[in-house]
Amino acid sequence: MLILNKTAGVFSKPSKRNMYEFLRSFNFHPGKLFLHKLVLGIETSCDDTAAAVVDETGNVLGEAIHSQTEVHLKTGGIIPSVAQQLHRENIQRIVQEALSASKVSPSELSAIATTIKPGLALSLGVGLSFSLQLVDQLKKPFIPIHHMEAHALTIRLTNKVEFPFLVLLISGGHCLLALVRGVSDFLLLGKSLDIAPGDMLDKVARRLSLIKHPECSTMSGGKAIEHLAKQGNKLHFDFKPPMQHAKNCDFSFSGLHHIIDKMIMQKEKEEGIEKGQILSSAADIAAAVQHTVACHIAKRTHRAILFCKQRDLLCQSNAVLVVSGGVASNLHIRKALEIVTDATQCTLLCPPPRLCTDNGVMIA
Ligand code: KG4
Ligand code: ZN
């Protein structure tokens, strides 16, 4: 009776994880008894050292992450050798933390999955050599993972999304539109011809010295721009969205970045301030930059949706657009995308913020 009551309490909101923990308290090894596949995912493609253990049904049993953002903010951008060193210092601990949180022993793992591309070569190398050592030691299969494919498929952990769907990945290192036709069947529709939007926002934020702004000092460039934009008037500057007449779904941010840079220099002259001081018009610039980036992203995405619908590549009645990556957390950009999806009768889906940015779960 006591056990039944305890069971009722433990399982009042039943989850697999609760069940495993409950059974473990009786020395059962659910990994061996019930689970067919437990995958450890390892991610080190850029500036996050991340690991997670996920089971075959997509249950996240444990995860851990070490972000290098703070260090890279201070140096004004990612220095690959610094990122590599930080991955080296943290990978063992992060993998251990993910395993401990999941209460899965390394021998219970079915496989080890690791990001192998794309990304910073020095950063990828740390995850790869660590994983290969582990694979060798534990005699487990190795699953090489394409970072972008992992980002694109993550939504299926949280939402029931059928193939095909359209995905827009926008972050500091990525910018692409792809049709996801299956787990390993992607049609690339467009990509940035130069830098990614997050990279551009980071550069503008650095040029505006937002790290010295009392409200933005700990924020990433993109987040600082979003924060400041709320206090600014986007109509005070007139930046044009790039590639207005390009008949494809590609993106470009370098030209716009160059124009913004020139505008900032001109404003510094007008306000009589040195480079490195904060312009009184910084919030207006942030608002205009954010709006122009949002318009550009929304217009290119609109083209991609129309292209897919015209060619019957997406379901006519229930097309889905998935938006992910750090820049996808920007609410102004999301609003612009919502206007596009409303106008084209599509459903807009974004993974929760912790799964939008780099993480071990999406790799596992
Ligand atoms: O996905 P992520 O964490 O890392 C990769 O780049 O892979 O994205 C980081 C990027 C940075 O460039 C950052 O400035 C941008 O996402 N970001 C934002 C916001 N939060 C982060 N950009 C616009 N608005 C935000 N709220
Ligand atoms: Zn990424």
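None of these values were measured; they are calculated from a predicted model. (Residues numbered from 1 in each chain as written. Chains lettered and ligands numbered in written order. Predicted model: local features only at pLDDT ≥ 70, side-chain atom pairs only at ≥ 80, totals over all residues. Heavy atoms only, no water.)

Another aspect to go through is the coordination of the zinc ion (ligand 2). Reference values for coordination geometry: four tetrahedral donors around a metal ideally subtend 109.5 degrees, six octahedral donors ideally subtend 90 or 180 degrees. Taken together, His-147 (NE2), His-151 (NE2), His-174 (NE2) and Asp-358 (OD) make up the protein donors of the zinc ion (ligand 2), found 2.1 to 2.2 Å from the metal. Of note is the zinc ion (ligand 2), whose four donor atoms meet at the metal with angles of 87 to 161 degrees in an arrangement that counts as irregular. All donors of the zinc ion (ligand 2) come from a single chain, and their spacing in sequence reads H-x3-H-x22-H-x183-D. Taken together, the positions of His-174 in the loop between strand E6 (165–170) and strand E7 (175–182) and Asp-358 in the loop between helix H14 (353–356) and helix H15 (360–363) put the pair 184 residues apart, joining distant regions of the chain. Classification of His-174 by relative accessible area gives buried; the value is 12%. (Donors = N, O, S within 2.8 Å, 3.2 Å for Na, K, Ca; no water. Tetrahedral: all angles 85-135°; square planar, octahedral: opposite > 155°, others 65-115°. Helix = DSSP H or I, 4+ residues; strand = E, 2+ residues; numbered from the N terminus. Buried < 20%, exposed > 50% of the residue type's maximum accessible area, 1.4 Å probe, protein only.)

With that settled, consider the sheet that holds strand E8 (residues 185–191). The mixed open sheet is built from five strands, whose spatial order is E8-E7-E6-E9-E10. With partners counted over all chains shown, the strands left at the sheet margins are E8 and strand E10 (346–349), one partner each. If you compare each strand with its neighbour and ignore which way they point, the axes differ by 25 degrees on average. Note that strand E9 (residues 319–324) and E10 share four bridges and pair parallel. (Pairing = 2+ DSSP bridges. Axes fitted to C-alpha atoms, helices over the stretch in contact; angles between N-to-C directions.)

The next thing to look at is the site of ligand 1. What surrounds ligand 1 is a group of 19 residues, the closest being Gly-172, Asp-202, Gly-222, Glu-226 and Gly-326. The separation between an oxygen atom of ligand 1 and a polar main-chain atom of Gly-173 is 3.2 Å. In a pocket analysis with a 2 Å cut-off to the grid points, ligand 1 is assigned to the largest pocket. The biggest single contributor to the shell around ligand 1 is helix H10 (residues 221–229), with four residues. For the shell around ligand 1, the per-class residue count stands at two nonpolar, 13 polar and four charged. (Near = heavy atom within 4 Å. Polar contact = N/O pair within 3.5 Å; in protein donor to acceptor, adjacent residues only side chain to side chain. 1 Å grid on protein atoms, 1.4 Å probe; cavity = no way out; pocket = protein on both sides within 12 Å on 5 of 7 lines; lining within 4 Å. Sits in = over half its atoms within 2 Å of the grid points. Nonpolar A, V, L, I, M, F, W, Y, C, P; charged D, E, K, R; others polar.)

The next subject is the sheet that holds strand E4 (residues 111–117). Read from one edge to the other, the open sheet built from five strands follows the order E3-E2-E1-E4-E5, with strand pairing classed as mixed. Since the sheet does not close on itself, it has two edges, and those belong to strand E3 (60–67) and strand E5 (142–146), each with one partner. Direction aside, neighbouring strands of the sheet carry axes that sit 20 degrees apart on average. Packing against the sheet, helix H6 (residues 121–138) makes contact with strand E1 (38–43), E4 and E5, and its axis sits at approximately 155 degrees to E4. (Contact = heavy atoms within 4.5 Å.)

Per the domain assignment, the segments making up the protein chain are domain 1 (36–140) and domain 2 (165–354). When each unit is reduced to the centre of its C-alpha atoms, the spacing between domain 1 and domain 2 is 28 Å. Contacts between the two partners involve four residues from domain 1, matched on the other side by seven residues from domain 2. Note on domain 1 versus domain 2: buried area summed over both sides is about 410 Å², and carbon and sulfur give 58% of it. By the criterion of area lost to domain 2, the three top residues of domain 1 are Glu-63, Leu-73 and Gly-76, representing 76% of everything that side buries. Along the contact surface separating domain 1 from domain 2 lie one salt bridge. Between domain 1 and domain 2 we count two residue pairs in polar contact (both at pLDDT 80 or more) in total. A breakdown of the residues in the side of domain 1 that touches domain 2 according to their chemical character gives one nonpolar, two polar and one charged. (Domains from an automatic or database assignment. Buried area = accessible area lost by both parts, 1.4 Å probe. Salt bridge = Lys/Arg side-chain N within 4 Å of Asp/Glu carboxyl O.)

Before going further, it helps to spend a moment on H10. The element H10 is extensively covered by neighbouring structure, given that seven of its nine residues are classed as buried. Within the sequence span of H10, burial applies to Gly-221, Gly-222, Ala-224, Ile-225, Glu-226, Leu-228 and Ala-229.

Right, let's talk about the layout of surface pockets for a bit. Computed from the structure, the largest pocket encloses a volume of approximately 1400 Å³. For the lining of the largest pocket, the secondary-structure elements that each account for two or more residues are E3, helix H4 (69–75), helix H7 (147–153), helix H9 (197–207), H10 and H14. The biggest single contributor to the lining of the largest pocket is H9, with six residues. Its residues assigned to classes, the lining of the largest pocket comprises 17 nonpolar, 23 polar and 10 charged. If you count residues domain by domain, the lining of the largest pocket takes at least three from each of domain 1 (36–140) and domain 2 (165–354). For the second largest pocket, the lining is made up of 25 residues, of which Leu-153, Val-183, Met-362, Ile-363 and Ala-364 are closest to its centre. With four residues, the single largest contributor to the lining of the second largest pocket is E5. Here the residues of the lining of the second largest pocket sort into 15 nonpolar, five polar and five charged. (Points joined across faces, edges and corners; volume = space filled by probe spheres on them.)

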